[in-house]
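Close look at the chain arrangement
Spelled out from the first residue to the last, the chains are:
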Amino acid sequence: MAEVTPAWKNYYWIDLVKFCSKFLPDDAELIVVHYFTSPPQNTEKRRRQMAFLNANRLINGEKFKYLNGHYSPKDVSCGICKKTFQTLEEKRTDVNIALQVIMDCYEDNVDLVYIITADSDQIPTMQLIKNKFPGKVFKVLFPPLTSSHEILQITKVHHLNDHEQKFKESMMPGEVVKDGKKYTRPPGWKS
């Protein structure tokens, strides 16, 4: 994945429900945005992520839901020096996405599904929806500065790089305040 440029960091503090609504047809209603992530191990990164998630939840109520996976330690061997070191691997996120999309289609909660990813691990989910739920419209949006050759081979994709104006129009205020709660945009999320 390409390194995030400072300009895209300006859009980290985004109202995800407002943003996703901008991609819907005029006659469609956004029911819910599901956000799948894993809490970072780094305390400062976790604090920033929680401010972002909580601000979105405060603004959007039940229209915004998030589900956490987790990181597990994984031993990796260096091909050059032959030493083994430990890294972290994100777990459950891909499965959580797939299960949510499939259940929403199975329970007929949706007519239109958007998934924002460039992770080819979601290809089986995309193929299952296409084959088992042909009446559902399924669209893929690549996050800025990402791509997947495998996904491009099976479906049309929209590149969020081409929609910067929608990001600009969906920014949350620097401080999100409601019901006595306040979340502030992290200083590092500005270029």
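Everything below is about the structure printed above this text.
Numbering of residues starts from 1 in each chain and follows the order in which that chain's sequence is written. Given that this is a predicted model, residues contribute local features only at a pLDDT of at least 70 and side-chain atom pairs are listed and counted only at 80 or more, while totals for whole chains, interfaces and linings are drawn from all residues. The side-chain values count all of the structure's non-hydrogen atoms but skip hydrogen atoms and water molecules.

Only DSSP runs of H or I with at least four residues qualify as helices, and only runs of E with at least two residues qualify as strands; both kinds are numbered from the N terminus onward. In this analysis, the expected span of each helix is defined as 1.5 Å times one less than the number of residues it contains. Compared with an ideal rise of 1.5 Å per residue, which puts 14 residues at 20 Å, helix α4 (residues 93-106) spans 20 Å between its outermost C-alpha atoms and is within 8% of the ideal. Turning to α4, its buried residues number three or more, namely Thr 93, Asn 96, Ile 97, Ala 98, Val 101, Asp 104 and Cys 105. Trailing α4 by a residue or two, Asp 108 shows a phi angle of about 55 degrees, which is positive. Per-residue accessibility, obtained with a 1.4 Å probe over protein chains only, is compared with the maximum for each type, and a residue is labelled buried under 20%, exposed over 50%, and partly exposed between these values.

This next bit is on the side chain of Ser 148. With respect to the secondary-structure elements, Ser 148 resides in the loop between β6 (137-142) and α6 (149-154). Between N or O atoms, a polar contact is any pair within 3.5 Å; within protein, one atom must be a potential hydrogen donor and the other a potential acceptor, and residues adjacent in sequence are included only when both atoms are from side chains. From its side chain, Ser 148 meets the backbone nitrogen of Ile 151 in a polar contact 3.2 Å long. Working rule for contacts: check all heavy atoms of both residues, and any pair within 4.5 Å makes them a contact. Ignoring any residue separated from it by four or fewer positions in sequence, one finds Ser 148 in contact with Ala 118, Ser 120 and Phe 142.

Looking at where Asp 15 falls in the secondary structure, it is placed in the loop between α1 (6-9) and α2 (16-21). Residues scored as charged are limited to Lys and Arg (positive) and Asp and Glu (negative), so that His and the chain ends carry no count. A side-chain nitrogen of Lys or Arg and a carboxyl oxygen of Asp or Glu constitute a salt bridge if their distance falls within 4 Å. No salt bridge forms around the buried Asp 15; measuring N to O, its nearest opposite-charge neighbour Lys 18 is 6.0 Å away. Separated by 3.1 Å, the side chain of Asp 15 and the backbone nitrogen of Lys 18 make a polar contact. Asp 15 has contacts with Asn 56, Ile 59, Asn 60, Ser 170 and Met 172, leaving out every residue within four places of it along the chain.

Backbone-to-backbone hydrogen bonds join strands into a sheet, with any given pair of strands oriented parallel or antiparallel. Across the sheet, three strands lie side by side as β5-β6-β7; this open sheet has parallel pairing. The sheet is open, and its two borders are formed by β5 (112-116) and β7 (157-159), each paired with just one other strand. Here the strands of the sheet are splayed against their neighbours by 25 degrees on average, with no regard to which way each runs. Whether two strands pair depends on DSSP finding at least two bridges between them. One ladder, built from three bridges, connects β6 with β7; its direction is parallel. Paired with Val 140 across the bridge in β7 is Val 157. The axes are straight lines fitted to the C-alpha atoms, using for helices just the contacting stretch, and the angles between their N-to-C directions are given from 0 to 180°.

Inspection of the secondary structure puts Ser 147 in the loop between β6 and α6. Residues Ser 147 and Ser 120, 27 residues apart in the sequence, show an inter-C-alpha distance of 9.5 Å. Not counting residues within four places of it along the chain, the set of residues in contact with Ser 147 comprises Ala 118, Phe 142 and Leu 152.

Turning next to helix α3 (residues 43-60). With 18 residues, α3 extends 26 Å between its outermost C-alpha atoms, agreeing within 8% with the 26 Å of an ideal straight helix rising 1.5 Å per residue. Three or more residues of α3 are buried, namely Arg 48, Gln 49, Ala 51, Phe 52, Leu 53, Ala 55, Asn 56, Leu 58 and Asn 60. Contacts made by the buried residues of α3 are with α2, β1 (33-37), β2 (64-68), β8 (175-178) and β9 (181-184). Its side-chain oxygen at 2.9 Å from the backbone nitrogen of Glu 44, Asn 42 defines the N-terminal cap of α3. Of the residues flanking the end of α3, it is Gly 61, one or two places downstream, whose phi is positive at about 55 degrees.

What follows is about the nonpolar core. Buried Ala, Val, Leu, Ile, Met, Phe, Trp, Tyr and Cys residues that are joined via side-chain atoms within 4.5 Å together make up what is termed a nonpolar core. Membership of the largest hydrophobic core comes to 24 residues, with the highest contact counts inside it found for Trp 13, Phe 19, Val 33, Phe 52 and Phe 167. Those elements that provide at least two residues to this core are α2 and α3. The dominant element in this core, judged by the number of residues it contributes, is α3, at five residues. In contact with Phe 52, other than residues within four places in its own chain, are Tyr 12, Trp 13, Ile 14, Leu 16, Tyr 35, Met 172 and Trp 189. Listed in part, the 16 residues of the second largest apolar core include Ile 97, Ile 115, Ile 123 and Phe 138.

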